[in-house]
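What the coordinates show
Chain by chain, the residues:
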Amino acid sequence: MSSTAQGSGGAPVVEGASIDFSLIAVTILSLVTGFLFISQGQSQLEQRGYLEPSITPTLSLMLIGSMFVLNGIGGMIGQQRAADGTLLQFLWMYGLVMVSQLPIIIAYAYLRKRSQSRHILLTSVIAFAVFVPLTQAAAGLLHITFVNLGIEQASVVGHSTLSFFSIEPFGLQVVLLILFVTVGTAVIEEVMYRGLLLPIVASVIGGRSMWKASIATSIIFALMHIGPAQPSAIAGLFFLSLGLCYARVKSGSVLSPILIHALFNAMNIAFVYSMDL
């Protein structure tokens, strides 16, 4: 999710969009961290030792297909459990989707249990420090551009899910939503995109570097968010996904991108609540 540019679902909408100090600061930060990232040789992303032999591309495709089918079933059942457009309906949908994905998550964990992980915490810190500011800067600058061009509506949030945090009173349902959006979403999406899809793309593209596969995977990841997010937020998610792919390859584990993804979503939730302070 991105905290920039989404006006639907009752989210607080601002009258215009312009560059402020926070956007300037995060843009400068992204330039500095990006320069250090490249100059220190951290941007090398070799494929050596990445693909798990126990999860073949064919098996990965089967697992991804199963995730989409189970996602659809869980979502349809949850949609019928409460009134349309309510937080309760959203919780039912989120909850049942996540429960339906448990067999795939367990299967993935079992299949790659022998794979080795490395430097998970350090890799997570580096990827977060470099790609999260880049994500926010890109989404923020593009949001301003798109608003001025009339492409999207000015708003303080960038994903329709975040609108619930701006309009719903804090309580048990909101706590559940926070858990679903942070931990649940991070686990499911990282297993699907970084755990299963990225190796498939890498096997098709080939080459020594994983950057081409990471770019292709990130395009798919970003485009899958069309609907709940506006164009500027989708562009930001592309850069976030690059960081998640980097963390997946460098650490040899989906735990690193899960940590980054969960923290990123939690940060956006905190941003929404900070608007009321």
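Our subject is the structure listed above.
So, how was this worked out
Residues numbered from 1 in each chain as written. Predicted model: local features only at pLDDT ≥ 70, side-chain atom pairs only at ≥ 80, totals over all residues. Heavy atoms only, no water. Helix = DSSP H or I, 4+ residues; strand = E, 2+ residues; numbered from the N terminus. Expected span 1.5 Å × (residues − 1). Buried < 20%, exposed > 50% of the residue type's maximum accessible area, 1.4 Å probe, protein only. Arc of directions from axis to C-beta. Contact = heavy atoms within 4.5 Å. 1 Å grid on protein atoms, 1.4 Å probe; cavity = no way out; pocket = protein on both sides within 12 Å on 5 of 7 lines; lining within 4 Å. Points joined across faces, edges and corners; volume = space filled by probe spheres on them. Nonpolar A, V, L, I, M, F, W, Y, C, P; charged D, E, K, R; others polar. Phe/Tyr/Trp six-rings, centres within 6.5 Å; stacked < 30°, edge-to-face > 60°. Patch = residues over 30% accessible without salt bridge, like charges linked within 9 Å, V, L, I, M, F, W, Y side chains within 5 Å. Areas by Shrake-Rupley, 256 points an atom, 1.4 Å probe, with all protein chains shown as cover. Salt bridge = Lys/Arg side-chain N within 4 Å of Asp/Glu carboxyl O.

Observations regarding helix α7 (residues 211-223)
The terminal C-alpha atoms of α7 lie 18 Å apart, and with 13 residues this matches the ideal 18 Å at 1.5 Å per residue to within 8%. Residues of α7 that are buried: A213, S214, T217, S218, F221 and A222. One side of α7 carries all its buried residues, which in axial view fall inside an arc of 160°. Turning to α7, the residues buried within the fold contact α6 (172-205), α8 (231-251) and α9 (255-274).

Description of the layout of surface pockets
Quantified by volume, the largest pocket comes out at close to 790 Å³. Elements supplying a minimum of two residues to the lining of the largest pocket: α2 (57-79), α3 (87-111), α6 and α9. Split into classes, the residues belonging to the lining of the largest pocket amount to 15 nonpolar, 11 polar and one charged.

Observations regarding the packing of aromatic side chains
Taken as a whole and assessed by the stated rule, the structure comprises 11 aromatic pairs. Between F37 and F131 the ring centres are 5.6 Å apart and the planes differ by 80°, which places this aromatic pair in the edge-to-face class. One end of the pair, F37, is in helix α1 (residues 21-39); the other, F131, is in helix α4 (residues 120-148), and 94 residues separate them in sequence. Taken as a pair, F37 and F131 share a single burial class, namely buried. Consider the rings of F37 and Y246, whose centres lie 5.1 Å apart with planes at 70°: the pair is edge-to-face. One end of the pair, F37, is in helix α1; the other, Y246, is in helix α8, with 209 residues separating them in the sequence.

Looking at a nonpolar patch on the surface
A cluster of nonpolar residues, I19, I24, I28, V32, F35, L36 and L141, forms a patch on the protein surface that exposes about 650 Å² of accessible area. Ranked by the residues each element gives to the nonpolar patch, the list is headed by α1, at five residues. Within the secondary structure, L36 is located in helix α1.

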